[in-house]
Amino acid sequence: MLFSSQSPHGGSSASPTVTIETTTPGVDSRRQPTRANTAAHPFPGVDPPWEETPESAIVFHTILLHAYYKCIERYPLPNPSTFTEYEKRYPPDRYGEELHPNARAFKIYRDRASEKEDVLVQSWHDTLNMLLVFAGLFSAVLSAFLIESSKQLKQDPVETTVKSILAVLILDGTNFTTPPSLSAQFTPTNGAKWINGLWFTSLALALVVSLLAILCKQWLVGYNSTMQSSAGDARRWAARHFVLSRGLSDWGVDAFISGLTVLLHGSLFLFLAGLSAYLRGLIWPVYLAILSLTSATGAFYVASILAPFVWPECPTRTS
């Protein structure tokens, strides 16, 4: 409490200032708030960085109020009538709410990431669909060739029966108890082994690619369903998308799909190699034509893969 007295001669003379504090016994007087101290706290949760006194508290919180009102002047509340189409879609955040669960930044991230993911996942689906269609048609064509070529790996039972009858008729009246043709063991030729080996390997690769493509499509469907499910708010969706999209990159889904394409290409080249070997002993001109076509296609395939590493602007990049 402060006192000042008037001089008896009509003049005013300031008397010494006296401060009266009421303290509680047993309690440190410096920790008891005074009237001036408690009245000057517009921000109760903010303390000055020095030892608080009534005068320092007033100065400190006056600075805070000044800074607060300056921020209000600099960042006024937005007027919806002046918004552009972009701002109507993504209204600006109120000052101090930039990290709100449904803040503008998280909404923009959600929409932009969704658009990008839709294009990427759809391109993967299209690639897998093409692989499945091609593998199905290719397997059907290859199976027709294998039905005929596989006969070269085993002895024809009709031919065996005819030879046995002829041998019995020829050897009738001799001392042979068993015709020679029946005791001979059938052995397929090396050409038949190579042809059937190439074609069976090609068919197995095509079927494996079909199986893995179906599995990959199921993975992508599961990813889409997870990303389209509700996350509560935009910030949670952004966190979930970051984790799952990082998983797609770290686990090499793009490289896996590219590998399926390479396997199917290899299956096709194995079939062409077997076809060239199959025609070698039948029609020589056709054999030369198929061999030339297969060699040229293989050379172009390898060149188209290696060209982007030499010329970055080359458009033959596949992934």
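Heads up: the structure comes first, above all this text.
No experiment lies behind these values; they were computed from the predicted model shown.

Student: Tell me about the overall build of the protein, and name the residues and values.
Tutor: Looking only at helices and strands, the protein features ten helices and zero strands. Ordering the α and β elements of the protein from the N terminus gives α-α-α-α-α-α-α-α-α-α. Expressed as a percentage of the 319 residues in the protein, the buried residues total 23%. Long-range contacts, defined here as pairs at least 24 residues apart, represent 57% of the contacts in the protein between residues at least 6 apart. Counting every atom, the protein has about 22,600 Å² of accessible surface; 64% of that belongs to carbon and sulfur.

Student: Can you explain the pattern of salt bridges? Please cite residues and give values.
Tutor: Inspection of the entire model under this criterion finds five salt bridges. With a shortest N-O distance of 3.9 Å, Asp111 and Arg89 are connected by a salt bridge. With a gap of 22 residues between them, Asp111 in helix 4 (residues 104-149) and Arg89 in helix 3 (residues 85-89) connect regions that are remote in the sequence. Note that Asp111 is salt-bridged to Arg110, the shortest N-O span being 3.8 Å.

Student: Which residues make up helix 9 (residues 253-280), and what values do they have?
Tutor: Taking 1.5 Å per residue, 28 residues should reach 40 Å; helix 9 reaches 41 Å between its end C-alpha atoms and fits that length. Burial in helix 9 covers these residues: Val253, Ile257, Leu260, Leu264, Ser267, Phe271, Leu272, Gly274, Leu275, Ser276 and Leu279. Looking at the buried residues of helix 9, the elements they touch are helix 4, helix 7 (190-228), helix 8 (234-250) and helix 10 (284-310).

Student: Residue-level account of the packing of helix 7 against helix 8, with values.
Tutor: At a closest axis distance of 10 Å, the pairing of helix 7 and helix 8 adopts a crossing angle of 165°. By the angle between their directions, the pair helix 7 and helix 8 is classed as roughly antiparallel. The element helix 7 and its partner helix 8 pack so that their crossing is left-handed. Note on element contacts: helix 8 touches helix 7 through Trp237, Arg240, His241, Leu244, Ser245 and Leu248, opposite Tyr223, Thr226 and Met227. Its residues placed into classes, the contact of helix 7 with helix 8 shows five nonpolar, three polar and one charged.

Student: Now, about the packing of aromatic side chains: what can you tell me, with residues and values included?
Tutor: Scanning the entire structure with this criterion turns up nine aromatic pairs. Measuring from centroid to centroid gives 5.4 Å for Phe145 and Trp199, while their planes differ by 70°, and the two rings are edge-to-face. Highlighted residues: Phe145 in helix 4 and Trp199 in helix 7, separated in sequence by 54 residues. With a relative accessible area of 0%, Trp199 lands in the buried category. Between Trp219 and Phe256 the ring centres are 5.6 Å apart and the planes differ by 45°, which places this aromatic pair in the tilted class. Note that Trp219 is positioned in helix 7 and Phe256 in helix 9, a separation of 37 residues in sequence. Looking at Phe256, the relative accessible area reads 28%, which means it is partly exposed. An aromatic cluster is built from Phe134, Phe138, Phe145, Trp199, Phe271 and Tyr278, whose rings are joined through pairwise contacts.

Parameters at a glance
- For every chain, the first residue of its written sequence is number 1, and the numbers climb from 1 along that sequence.
- A pLDDT threshold of at least 70 governs which residues receive local features in this predicted model, and a stricter bar of 80 or more applies before side-chain atom pairs are shown or counted, although totals over entire chains, interfaces and linings include all residues.
- Based on all heavy atoms of the structure, the side-chain values leave hydrogens and waters out of the count.
- Each helix corresponds to a stretch of at least 4 residues labelled H or I by DSSP, and each strand to a stretch of at least 2 residues labelled E; elements are numbered beginning at the N terminus.
- Burial classes follow relative accessibility: with a 1.4 Å probe on protein chains only, a residue under 20% of its type's maximum area counts as buried, one over 50% as exposed, and anything between as partly exposed.
- Any two residues having at least one pair of non-hydrogen atoms within 4.5 Å are treated as being in contact.
- Areas reported here follow the Shrake-Rupley algorithm with a probe of radius 1.4 Å; residue values treat only the protein chains shown as occluding.
- The salt bridge definition used is simple: a Lys or Arg side-chain nitrogen within 4 Å of an Asp or Glu carboxyl oxygen.
- Each residue after the first adds 1.5 Å to the expected span of a helix.
- To obtain an axis, a line is fitted to C-alpha atoms, over the contacting stretch when the element is a helix, and the angle between two such axes runs from 0 to 180 degrees between their N-to-C directions.
- An angle below 35 degrees is treated as roughly parallel, one above 145 as roughly antiparallel, one from 65 to 115 as roughly perpendicular, and anything else as oblique.
- In this scheme the handedness of a crossing depends on how the near helix is turned from the far one: anticlockwise by less than a right angle means left-handed, clockwise means right-handed.
- Residues are grouped as follows: Ala, Val, Leu, Ile, Met, Phe, Trp, Tyr, Cys and Pro are nonpolar; Asp, Glu, Lys and Arg are charged; every other residue, Gly included, is polar.
- Aromatic rings from Phe, Tyr and Trp, taking only the six-membered ring of Trp, are treated as a pair when their centres fall within 6.5 Å; an angle between ring planes under 30 degrees marks them as stacked, one over 60 as edge-to-face, and anything in between as tilted.

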